[in-house]
Amino acid sequence: MDFVWEAPNGTIRHVTVDGTHHQQLTTVVAGARAACSLPLALDDRHPLFHAALPDSDGVLRARW
């Protein structure tokens, strides 16, 4: 499975884990602000939500 999380400093991180290393995941994501797990099979994945924040000048600049 792929595991995606937001670190306390705001960066988005990810790691691919299997059944033998899943216990180390708790240490890696300690303090995460948000997290989700994604299946490895692309057909089983559902898109994550999209979000955009305005730049410091208040203008929203985003592309999808």
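Here the structure is shown first, and the text comes after it.
Not measured: the values here are computed from a predicted model.

The rules behind these values
- Residues numbered from 1 in each chain as written.
- Predicted model: local features only at pLDDT ≥ 70, side-chain atom pairs only at ≥ 80, totals over all residues.
- Heavy atoms only, no water.
- Pairing = 2+ DSSP bridges.
- Helix = DSSP H or I, 4+ residues; strand = E, 2+ residues; numbered from the N terminus.
- Axes fitted to C-alpha atoms, helices over the stretch in contact; angles between N-to-C directions.

K.L.:
Would you mind going over the sheet that holds strand β3 (residues 34-38) with me for this structure?
P.N.:
Two strands in a sheet stick together by hydrogen bonds in their backbones, pointing the same way (parallel) or opposite ways (antiparallel). Taken in spatial order, the three strands make up an open sheet running β2-β1-β3, and their pairing is antiparallel. Of all the strands in the sheet, just β2 (12-16) and β3 have a single pairing partner and so form its edges. Taking the axes of each pair of neighbouring strands and ignoring which way they run, one obtains an average angle of 15° across the sheet. Bridging between strand β1 (residues 2-6) and β3 involves five bridges; their strand directions are antiparallel. Bridged to Phe3 within β3 is Ser37.

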